[in-house]
Amino acid sequence: MSSIPSPVLSAPQREWRDVVRSPSGQWIAWGALVIGCMASRLATTITYIEDPDSLRFALSVADSYDVAALQPHFPGYPVFWAAVKLLSLPTGSFSTSFSVVGGLATAGLVWGLLRLWEMPLRSVEGATLAGVVTLNPLLWLLGNRYMPDLLGTAGAVAALALLVRALPLSHRERMNEPAALAGIMLTGLLAGLRLSYLPLVFVPTLLVLWHSRHPGQLVAAGLASVAVWLVPMVLDTGLWTLIDVAWAQTTGHFTDFGGTVQTESDLGRRVAGTLQGLWADGLGGWWPGRHPLTGVVGASVLGLGGLGAWRLGRGGAWRRPRVWLVILCALVYGGWMFFFQNVVHKSRHVLPLLALLLPLLALGASFLWRHRSGVFQGALCGAAAAYAAVTLVLVTQHLEPTAIAQAKQFVEARAAQPGPTRVASVPLVNTYLRTQEVDTQFLSIEDSADVHRLRRAETGRTLVVGTYASLLRRSPSHTRTFYHNPHVNRMWPKVTVYVYEH
């Protein structure tokens, strides 16, 4: 990064600069960031179950941790569960504890990115990066979700930063063994936090082991950090039960319900889903059907990102091996994500790539700000306001129930009315409703015997949840359709309930 001449400062400005640069100023800056992240996430805490994935994690904290019962599903995410559970004990609220963890994860992600690019928080670049991360729409939404993705991203980026910075730049340098040790141990914890993010740190882990003078010690430290979460999980679940569950969920993920290239083989849809996840959901850019303000955000993102990439090139960063190593890590994870994750229906899988793109926006924005041009700074403030506005609209919409949560309330109200009530849907929806104690009979549309029972029913009412209007071969008494913004949560943004009165 090229040096920039320092402006002439007045006496009060110099005094403030000295305070900011002091060790106490560093603690003040980080304290303000952590408090701001936690306060903002607590203010937007959600108190409903927005989808089946969130349900599993909520049950694991509010009820009991049971991998065999898919609370949560394998690989169990024990590190994430332990963090949320620990915080739920003093708060007495699992929804609050998820938001607290989300706030801490946001601050942790800022730390990892600053460490990766050697930016101090007490700089224009560092402060801008903190703002870009804190106000990012997808990161904020996932900070309130009952899911481990944001904390996993923070852990993956922090591990990447430690491992990359531990490597020597030349044959004459020695590796930073303490940083390598910390990176390896964090990688072991990452496996129990968000297993699918491990490909991001695969290459630097191998390089660190190759360059280390004590590779055996690093391997032992990594195994010890895995044992910290794996041994309690084996003791809790049982070895053979855990093996059975692991086999069933792993084979199911790759061959049945995981949304991998084997089950969603249309590469065009996979490309579109990845682009929508990064561009629209991740960066707040325009997509068909979105508000024109997202066009302003998209144009700003392209301009600032391009300016940030140019600034890196002008500073010679593109000739540095560490930069290309980070790019290689992103490509490895991107390939794994594209082929073996559900990029068509779930944008949260792009989080590690999104996190690595945000520093470019910060570098571009800080470059404009340092020019001290009223035009540039005004345009930058306008772009920041648009970016923040898009995020705040989304997180406000997130406070309202998703389409499936609204449908659950509707089914619950119908089931409370006199007379028998039956609900017919796919097993995943039935499980979502049944687990939340909706008191009715559930029938699967994938079971021919259940479908036969539905068609023979002569009394009460039947509620068909989903686009299966022809199931009963007659017109419904009435229909209710529920919606939510798909950029809040791409899963089931439209849910229709068909009501049949007998």
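About the thresholds
- Residues numbered from 1 in each chain as written.
- Predicted model: local features only at pLDDT ≥ 70, side-chain atom pairs only at ≥ 80, totals over all residues.
- Heavy atoms only, no water.
- Helix = DSSP H or I, 4+ residues; strand = E, 2+ residues; numbered from the N terminus.
- Rg over C-alpha atoms; globule rule 2.2 N^0.38 Å.
- Buried < 20%, exposed > 50% of the residue type's maximum accessible area, 1.4 Å probe, protein only.
- Contact = heavy atoms within 4.5 Å.
- Areas by Shrake-Rupley, 256 points an atom, 1.4 Å probe, with all protein chains shown as cover.
- Lys, Arg positive; Asp, Glu negative; His and termini not counted.
- Charge placed at Lys NZ, Arg CZ, Asp CG, Glu CD.
- Pairing = 2+ DSSP bridges.
- Right-handed = clockwise from strand over helix to strand, strands pointing away.
- Axes fitted to C-alpha atoms, helices over the stretch in contact; angles between N-to-C directions.
- Parallel < 35°, antiparallel > 145°, perpendicular 65-115°, else oblique.
- Left-handed = near helix turned anticlockwise from the far one by under 90°.
- Nonpolar A, V, L, I, M, F, W, Y, C, P; charged D, E, K, R; others polar.
- Salt bridge = Lys/Arg side-chain N within 4 Å of Asp/Glu carboxyl O.
- 1 Å grid on protein atoms, 1.4 Å probe; cavity = no way out; pocket = protein on both sides within 12 Å on 5 of 7 lines; lining within 4 Å.
- Points joined across faces, edges and corners; volume = space filled by probe spheres on them.

Engineer: Quick question: what am I supposed to make of the overall build of the chain here?
Structural biologist: When you go through the chain residue by residue, the secondary structure sums to 20 helices and 5 strands. Its C-alpha atoms give the chain a radius of gyration of 25 Å, within 12% of the compact-globule value 23 Å for 502 residues. Based on the C-alpha atoms only, the size of the chain along its principal axes is roughly 85 × 55 × 45 Å. Split into buried and exposed, the 502 residues of the chain put 52% on the buried side. Counted over contacts in the chain with a minimum sequence separation of 6, partners at least 24 positions apart contribute 72%. Here the chain displays about 22,800 Å² of accessible surface, and carbon together with sulfur accounts for 64% of that area. Considering the chain, the positive charge centre built from 39 side chains and the negative charge centre built from 27 side chains are found 10 Å apart.

Engineer: In this structure, what is going on with the pairing of strand 2 (residues 441–444)? I would like to understand it.
Structural biologist: It is a general feature of regular strands that their side chains alternate between the two faces of the sheet. Looking at chain direction, strand 1 (residues 421–425) and strand 2 are connected through 4 bridges and run parallel. Looking across to strand 2, one finds that Arg422 is bridged to Gln441. Since strand 1 and strand 2 lie parallel, the crossover through helix 19 (residues 427–435) that links them has a hand, and here it is right-handed.

Engineer: Help me out: how do you make sense of the packing of helix 5 (residues 94–117) against helix 8 (residues 149–166) in this one?
Structural biologist: To characterise two packed helices, one gives the angle between the axes of the helices and the distance between these axes. Where helix 5 meets helix 8, the axes come as close as 8 Å, and the angle between the chain directions of the two elements is 20°. Taken together, helix 5 and helix 8 sit at an angle that is classed as roughly parallel. Along this stretch, helix 5 crosses helix 8, giving a crossing that reads as left-handed. For the pair helix 5 and helix 8, contact is made by Val101, Gly102, Ala105, Thr106, Gly108, Leu109, Trp111, Gly112, Leu113, Arg115, Leu116 and Trp117 and by Leu150, Leu151, Thr153, Ala154, Val157, Ala158, Leu160, Ala161, Leu162, Val164 and Arg165, respectively. Looking at the contact of helix 5 with helix 8 residue by residue, the class counts come to 16 nonpolar, 5 polar and 2 charged.

Engineer: What should I look at first to understand the environment of Ala83 in this one?
Structural biologist: For Ala83, the location among the structural elements is in helix 4 (residues 78–91). Judged by its relative accessible area of 26%, Ala83 falls in the partly exposed class. Note: C-alpha distance between Ala83 and Ala403 (320 residues apart in sequence) is 29 Å.

Engineer: Got a minute to help me understand the pattern of salt bridges in this structure?
Structural biologist: Pairs can form between side chains of opposite charge once their charged atoms are near each other. The tally for this structure, following the rule as stated, stands at 16 salt bridges. Across the pair Glu264 and Arg269 runs a salt bridge whose closest N-O atoms are separated by 3.4 Å. According to the relative accessible area criterion, Arg269 is partly exposed, its value standing at 40%. For Arg490, the salt bridge goes to Asp281, with nearest N and O atoms at 3.2 Å. Pair noted here: Arg490 is in the loop between strand 4 (478–483) and strand 5 (494–501) and Asp281 is in helix 13 (residues 267–283), with a separation of 209 residues, a long-range link. Residue Arg490 shares its accessibility class with Asp281, and that shared class is buried. Each of Asp53, Asp149, Arg194, Lys346 and Arg348 takes part in a single network of salt bridges with overlapping partners.

Engineer: Is there a simple way to explain the sheet that holds strand 3 (residues 461–465) in this structure?
Structural biologist: Two orientations exist for strands paired in a sheet by backbone hydrogen bonds: parallel and antiparallel. The strand order across the open sheet built from 5 strands is 2-1-3-5-4, with neighbouring strands paired in mixed fashion. Sheet topology places strand 2 and strand 4 at the edges, where each strand pairs with a single neighbour. Across this sheet, the average inter-strand angle for adjacent strands is 20°, counted without regard to direction. Direction of pairing for strand 3 relative to strand 5: antiparallel, over a ladder of 5 bridges. Following the sheet pairing, Thr462 is matched in strand 5 by Tyr500.

Engineer: What should I look at first to understand empty space enclosed by the protein in this one?
Structural biologist: One way to see where empty space is left: roll a probe the size of a water molecule over the atoms. One pass over the structure, following the stated rule, counts 2 cavities of 30 Å³ or more. What the largest cavity holds in volume is close to 150 Å³. Lining the largest cavity are 17 residues, and of these Arg145, Ser347, Arg348, Asn489 and Arg490 lie nearest its centre. Here the lining of the largest cavity takes 3 residues from helix 7 (residues 137–144), the largest share from any one element. Considered class by class, the residues forming the lining of the largest cavity number 6 nonpolar, 4 polar and 7 charged. Roughly 50 Å³ of volume is contained in the second largest cavity. Surrounding the second largest cavity, Phe80, Phe98, Val101, Gly102, Ala105, Leu142, Gly143, Arg145, Met147, Leu150 and Leu151 form its lining. Secondary structure elements with two or more residues in the lining of the second largest cavity: helix 5, helix 7 and helix 8. Looking at the lining of the second largest cavity, the element that brings in the most residues is helix 5, giving 4 residues. Tallied by class, residues from the lining of the second largest cavity come to 8 nonpolar, 2 polar and 1 charged.

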